[in-house]
There are 2 protein chains.
Amino acid sequence: MATLNNETRERRETGTLGKLMVLLDLVAHADGPLRFTDIAAASGQPRGTLHRQLVHLVEEGLLELDADGRYSTGLRLLELASRSWARNELRLVAEPHLRELQDLTGETVHLGVIRGASVIYLDKVEGRQPVRMYSQIGNASPIYCTGVGKAALSLLPDDRIDTLLAEVSFQRFTPATHTRDTLLTEISEIRRNGVAFDREEHEVGIRCVAAPISSENLSFVGGISVTGPAYRLTMERLEEWAEPIRRTAGRISTGIRIGLGPRP
Amino acid sequence: MATLNNETRERRETGTLGKLMVLLDLVAHADGPLRFTDIAAASGQPRGTLHRQLVHLVEEGLLELDADGRYSTGLRLLELASRSWARNELRLVAEPHLRELQDLTGETVHLGVIRGASVIYLDKVEGRQPVRMYSQIGNASPIYCTGVGKAALSLLPDDRIDTLLAEVSFQRFTPATHTRDTLLTEISEIRRNGVAFDREEHEVGIRCVAAPISSENLSFVGGISVTGPAYRLTMERLEEWAEPIRRTAGRISTGIRIGLGPRP
DNA sequence: CCGCTAGTTCCATTATTTGGAACTTAATTT
DNA sequence: AAATTAAGTTCCAAATAATGGAACTAGCGG
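Predicted, not measured: the structure shown is a model, and the values here were computed from it.

Student: I'm lost on helix α8 (residues 180–193) of chain A in this one. Help?
Tutor: Since the α-helix advances by 3.6 residues per turn, residues separated by three or four positions end up pointing in the same direction. Residues and elements named next belong to chain A. The end-to-end C-alpha distance of α8 is 20 Å, a good match for the 20 Å that 14 residues give at a rise of 1.5 Å each. Those residues of α8 that fall on the buried side of the exposure criterion are Leu-183, Glu-186, Ile-187 and Ile-190. Taken around the axis of α8, the buried residues stretch over an arc of 115°, which confines them to a single face. Residues of α8 that are exposed and angled more than 90 degrees away from the buried face: Asp-181, Thr-185 and Arg-192. Summarising the contacts, the buried residues of α8 are in contact with α6 (147–153), α7 (158–166) and β7 (196–199). The first or second residue beyond α8 is Gly-194, which carries a positive phi of 80°.

Student: Where do I start with the sheet that holds strand β8 (residues 206–214) of chain B in this structure?
Tutor: Sheet strands line up and pair through hydrogen bonds in the backbone, either parallel or antiparallel. Residues and elements named next belong to chain B. Spatially, the six strands line up as an open sheet ordered β6-β5-β4-β9-β8-β7, and their pairing is antiparallel. Among the strands making up the open sheet, the edge pair consists of β6 (140–142) and β7 (196–199). Across the sheet, the mean angle from the axis of one strand to that of its neighbour is 35°, orientation sign disregarded. Sheet topology note: the strand β4 (residues 108–115)/strand β5 (residues 118–125) ladder contains seven bridges and is antiparallel. By the bridge assignment for β5, Arg-115 is matched with Ser-118.

Student: Whenever I open this one, the protein's contact with DNA strand D confuses me. Can you help?
Tutor: Around DNA strand D lies a shell of 16 residues, among which Thr37(A), Arg47(A), His51(A), Thr49(B) and Arg52(B) are the nearest. Sugar plus phosphate: this is where 67% of the atoms of DNA strand D within 4 Å of the protein reside. Thr37(A) is positioned with one of its side-chain polar atoms (N or O) 2.4 Å from a phosphate oxygen of DNA strand D. Separating a base nitrogen of DNA strand D from a side-chain N or O atom of Thr49(B) is a distance of 3.2 Å. When residues in the surface near DNA strand D are grouped by element, the largest group, five residues, is from helix α3 (residues 47–59) of chain B. A breakdown of the residues in the surface near DNA strand D according to their chemical character gives two nonpolar, nine polar and five charged.

Parameters and conventions
- Residues numbered from 1 in each chain as written.
- Chains lettered and ligands numbered in written order.
- Predicted model: local features only at pLDDT ≥ 70, side-chain atom pairs only at ≥ 80, totals over all residues.
- Heavy atoms only, no water.
- Helix = DSSP H or I, 4+ residues; strand = E, 2+ residues; numbered from the N terminus.
- Expected span 1.5 Å × (residues − 1).
- Buried < 20%, exposed > 50% of the residue type's maximum accessible area, 1.4 Å probe, protein only.
- Arc of directions from axis to C-beta.
- Contact = heavy atoms within 4.5 Å.
- Pairing = 2+ DSSP bridges.
- Axes fitted to C-alpha atoms, helices over the stretch in contact; angles between N-to-C directions.
- Near = heavy atom within 4 Å.
- Polar contact = N/O pair within 3.5 Å; in protein donor to acceptor, adjacent residues only side chain to side chain.
- Nonpolar A, V, L, I, M, F, W, Y, C, P; charged D, E, K, R; others polar.

In structure tokens form, the structure reads like this:
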């Protein structure tokens, strides 16, 4: 087809830092520890350069080098993230509301925000805790097939949606996964209802209801959701929860606007 | 081999990265979001330089700049740490054992490793979950007043202990907090028993038993602990748990040595 | 409208990063 | 055990990026 000249200025101009972050991402997204050679191949850096870069990352604790000469991500990240999470204002404001919603529904409640074309989960409340917390927190999921992602999208103006979706390759996770067209149709529906449903679009057997949250100026956009197995969460039940979840989302948005407002 | 005997490797030579990490730490350890001016004052950087550095950190998602012009840590850290945590081999091996120990004792179980003169908690298992997971995970606590820290120290040769403790300023958290001398005395006791006790040394009213874990070559050193309120955890009860916790720690160490061994 | 604080941009100078090549180990083969 | 190859490390002149003082702009309070 003719040139689809993407105006997306994706090249980051962060100099040295940018180059190092590419390496960090590379190691973080690998399936396991990587050896020098693996990283060299994947990054395409000359060996001398790469060597110094890795030494720096290891010295800062961002990477760790084990006895077999394999690199994995370092504990420094955990330490930094822990502080970041503990103080996150949205999370702090939302926490009691998430619990309340969990009490009402008895199902798992998530809080997430969008970053680029992904949803990042900030918190999660489960009834009895059979699953580990971190199993979701910090996780990045595609925006187009999660309740939180779709709810969040619905708040954005069309041009920002277009820009975001331009970089998305709609992978088909289940038969119900959206394409670009069906997603856009659903977004106008979400705008009318104020809630988004995930009808087994990411994983077969998993459904959810979600409602959007945002700061006044859309400096961040996210949502909350109630998720569970399809056999328990019939579409009728999800419809019943639409109103409570909208209300909860509204309260969190209000709380954020007050909490994040200009300092006294 | 000759290059390893370098005693004078205290100063970090990580160039650009090091300078940026100082800023990241500064923001992460602040009590709340910082304004440009606050960071300028704390870092002593000229405004022009600082500005560009912050722009780069924000562009990489390591920092976030809110509508009021205040900087806080960014979600990218959470994303990276989440992967790091989920794949951490020690944590994966330890997880079932921690649960087992929690079942046995009914109290909170921690897994931690030492990094510098701090203990970083990698995992935590509680009975009913009234407290949030992340409340401890990723947290850095002083090595000299935590069960895990003291247990871990006991595995190290004396010269490495000396080196580590050289940078520690023994802050007195409670009347029972160790000084350098009493700590060294206790370490030889821990070496005999294979378990360490925290007798309200970090927080009044909190006690724990801990046992050490390590890889074969001491490339990492850590421990597990059972923690709880002093009124419930009498010293007698802690003594009873000494044996089970030693056994559990032993199993984890074995698991790690097998799991982390040379690739098949 | 003025002065002031806070933040941003510019650009010649300075410091760091780069990467090819030479060098050292470690592993594998003969 | 020697020879061969692969894996990792060090070096340094050239290329690139970071630095920081100064000039500039925005926003606010009087």
